[in-house]
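Residue strings, one per chain:
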Amino acid sequence: MTKVAFLGLGVMGFPMAGYLAKNGHEVTVCNRTRAKAEAWVAKHGGKTADTPKAAVQGASIVFSCVGDDPDLRAITVGANGAFEGMAAGSIFVDHTTASANLARELYTTAAKKGIHFIDAPVSGGQAGAENGTLTVMCGGEAGPFEIAKPVIAHFAKAVTLLGPAGAGQLTKMVNQICIAGLLQGLAEGINFGLKAGLDMKQVLDVIGKGAAQSWQMDNRGKTMGDDQFDFGFAVDWMRKDLRICLEEAKKNGAALPVTEIINGYYGEVQKMGGGRWDTSSLIRRLGKN
Ligand SMILES: NC(=O)c1ccc[n+]([C@@H]2O[C@H](COP(=O)([O-])OP(=O)(O)OC[C@H]3O[C@@H](n4cnc5c(N)ncnc54)[C@H](OP(=O)(O)O)[C@@H]3O)[C@@H](O)[C@H]2O)c1
């Protein structure tokens with residue numbers, strides 16, 4: 001049993017932290033909106049703290065899953081941030097999808113205090129967090145990674161170290177680049193099939209057994225056909241992720257022509273009021289054409 005802290009109890013963090021408690025760890029939670037932390041303790045036990053600094057007292061591993069770079073900066077190096085309260089030798093595991101630059105910067109800042117920082121963004125969505133089956137992509141040093149890995153595994157089906165600080169975030173960028181273009185292809189295929197008068201449930205059952213199969217087709221194809229988007233991974237978050245990808249590509253020189261176009265399409269979905277819709281809502285743009 002390890003004393004741990006979890007910072008950020010949103011759609012993802014709430015169930016992830018729950019798996020730590022269910023597996024016998026002593027968990028202290030902290031969330032910007034306190035009511036979520038209180039709801040978490042009512043469900044799972046453990047303790048709440050008002051600030052990240054207070055939450056991490058005595059913790060050997062600190063987890064976080066907040067929104068974007070500014071949130072991550074605030075909870076680590078901001079006033080009453082986690083790094084002020086963590087002991088030398090303890091490990092910070094960040095599950096936020098953030099920039100690789102910030103991961104590298106926090107790794108260096110943490111190292112000066114003797115704290116180990118691991119960037120560990122996740123894939124698998126809300127269902128993956130709730131079922132404890134996330135895929136976790138890590139960047140950092142092997143020693144602390146091996147200590148954290150079995151604890152992360154309580155809410156993950158795969159936990160992999162891909163390289164030094166920032167490598168986890170870079171891997172997540174590859175993941176998002178692969179998904180963006182694929183979702184537009186799926187949207188165009190389903191829209192085409194509907195316009196052609198096909199029974200798309202039957203079509204997806206058939207082509208989902210062939211070379212067009214994908215996680216998105218299996219998990220989003222039918223709901224796209226039914227025009228349902230009030231769940232899943234929000235367009236606002238995807239735009240944040242694609243912004244991070246496009247910024248990184250400017251630095252490493254990679255061409256991302258399709259990703260750039262899809263980023264613009266998601267901007268249009270936001271203007272349609274779809275910031276909180278699932279990313280499969282790209283198909284709604286096609287109805288306008
Ligand atoms: N949702 C998905 O399917 C999914 C999948 C893969 C990756 N991700 C990534 O995982 C991260 C979290 O996503 P999510 O869907 O869980 O977002 P979310 O529901 O908005 O949760 C973010 C949580 O962080 C808290 N927070 C933000 N700043 C904070 C601060 N300064 N101090 C303490 N708590 C703070 C928020 O508090 P409040 O309650 O005050 O807002 C909120 O509870 C994002 O980077 C996202 O891109 C999400």
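To be clear, the structure that these remarks concern was listed above.
Residues numbered from 1 in each chain as written. Predicted model: local features only at pLDDT ≥ 70, side-chain atom pairs only at ≥ 80, totals over all residues. Heavy atoms only, no water.

Relative to the helices and strands, H25 resides in the loop between α1 (13–22) and β2 (26–30). Residue H25 is classed as buried on the basis of its relative accessible area, which comes to 11%. A polar contact of 3.1 Å, which involves the side chain of H25, links it to the backbone nitrogen of T2. When residues no more than four places from it in sequence are discounted, the contact partners of H25 are M1, T2, V4, L20, V151 and H154. (Helix = DSSP H or I, 4+ residues; strand = E, 2+ residues; numbered from the N terminus. Buried < 20%, exposed > 50% of the residue type's maximum accessible area, 1.4 Å probe, protein only. Polar contact = N/O pair within 3.5 Å; in protein donor to acceptor, adjacent residues only side chain to side chain. Contact = heavy atoms within 4.5 Å.)

As a further point, take the nonpolar core. Counting 33 residues, the largest nonpolar core has F6, M16, F63, V93, V136 and I152 as the members making the most contacts within it. Among the elements that take part in this core, α1 stands out by supplying six residues, more than any other. Every residue in contact with I152, bar those within four places of it in the chain, is listed here: F63, V93, H95, V136 and V159. A55, I75, F83 and F117 belong to the second-largest nonpolar core, a separate cluster that totals 21 residues. (Core = buried A, V, L, I, M, F, W, Y, C linked by side-chain atoms within 4.5 Å.)

Taken together, 24 residues are adjacent to the ligand, and N31, T33, K36, G67 and K240 come closest. Taking R32, its side chain carries an N or O atom lying 2.9 Å from an oxygen atom of the ligand. At a separation of 2.8 Å, an oxygen atom of the ligand approaches a polar backbone atom of G67. Across the complex, the protein chains shield 90% of the 910 Å² of accessible surface that the ligand would expose by itself. Of all the secondary-structure elements, those providing two or more residues to the shell around the ligand are α4 (69–77), α7 (125–131) and α12 (235–252). For the shell around the ligand, the residue count by class is nine nonpolar, nine polar and six charged. (Near = heavy atom within 4 Å. Areas by Shrake-Rupley, 256 points an atom, 1.4 Å probe, with all protein chains shown as cover. Nonpolar A, V, L, I, M, F, W, Y, C, P; charged D, E, K, R; others polar.)

Another point: unusual backbone geometry. In terms of backbone geometry, most residues other than glycine have negative phi values and most peptide bonds are trans. In this structure, N80 takes a positive phi of about 55° despite not being glycine. Mapping N80 onto the fold places it in the loop between α4 and α5 (82–85). Classification of N80 as partly exposed rests on a relative accessible area of 37%. Residues other than glycine seldom take positive phi values, yet D227 does so here, at roughly 60°. Locating D227 in the fold gives a position in the loop between α11 (215–225) and α12. Residue class for D227 comes out partly exposed when judged on its relative accessible area of 40%.

Where strand β8 (residues 134–138) and strand β9 (residues 156–161) come together, five bridges link them in parallel fashion. Opposite V136, over in β9, you have V159 as the bridge partner. Between the parallel pair β8 and β9, the chain is carried across by helix α8 (residues 142–152), and the sense of this crossover is right-handed. (Pairing = 2+ DSSP bridges. Right-handed = clockwise from strand over helix to strand, strands pointing away.)

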